[in-house]
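Descriptive analysis of the structure
Residues per chain, in single letters:
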Amino acid sequence: MEHVVFFPAHDGTPAFRRVASLQEAVRLVEHLRNVENVNEVSVHALTEVPLAFKPYYRVEVPDGVE
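Nothing here was measured: the structure is a model prediction, and the numbers come from that model.

**Some details on the sheet that holds strand β3 (residues 42–45)**
- With antiparallel pairing, the three strands of this open sheet are ordered in space as β2-β1-β3. Whereas interior strands pair on both sides, the edge strands pair on one side only; in this sheet they are β2 (14–19) and β3. Looking at each pair of strands side by side, their axes are set apart by 25° on average, direction ignored.
- Of the pairings in the sheet, the one linking strand β1 (residues 3–8) to β2 comprises six bridges and is antiparallel in character. Looking at the pairing, Pro8 lines up with Pro14 of β2.

**A look at the environment of Ala25**
- Relative to the helices and strands, Ala25 is located in helix α1 (residues 22–34).
- When residues no more than four places from it in sequence are discounted, the contact partners of Ala25 are His3, Val5, Val19 and Val43.

**So, the side chain of His3**
- Counting through the fold element by element, His3 comes out in strand β1.
- A relative accessible area of 10% means that His3 is categorised as buried.
- The contact partners of His3, leaving out residues within four places of it in the chain, are Arg17, Arg18, Val19, Ser21, Leu22, Ala25, Val43, His44, Ala45 and Leu46.

**Side note on the pattern of salt bridges**
- Taken as a whole, this structure holds two salt bridges when the rule is applied.
- As a salt-bridge pair, Arg18 and Glu2 come within 2.4 Å of each other at their nearest N and O atoms. Taken together, the residues Arg18 in strand β2 and Glu2 in the segment before β1 connect sequence positions 16 residues apart.
- Using a relative accessible area of 51% as the deciding quantity, one classes Arg18 as exposed.

Conventions used here
- Residues numbered from 1 in each chain as written.
- Predicted model: local features only at pLDDT ≥ 70, side-chain atom pairs only at ≥ 80, totals over all residues.
- Heavy atoms only, no water.
- Pairing = 2+ DSSP bridges.
- Helix = DSSP H or I, 4+ residues; strand = E, 2+ residues; numbered from the N terminus.
- Axes fitted to C-alpha atoms, helices over the stretch in contact; angles between N-to-C directions.
- Contact = heavy atoms within 4.5 Å.
- Buried < 20%, exposed > 50% of the residue type's maximum accessible area, 1.4 Å probe, protein only.
- Salt bridge = Lys/Arg side-chain N within 4 Å of Asp/Glu carboxyl O.

Here is the structure:
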């Protein structure tokens, strides 16, 4: 399952990286903390949200019809 790691970039702007697994996310967090001295990190799992399409009808009345 894909994961996303959120952290502040060097200039302070929000940054993120998508990785293929939780293990890769953990390695990235370790790198960010140990090498780049980044303390504010969060990891989120990406899961698909099921969608369904349903018909939708809209009634329109032409202009001038009362």
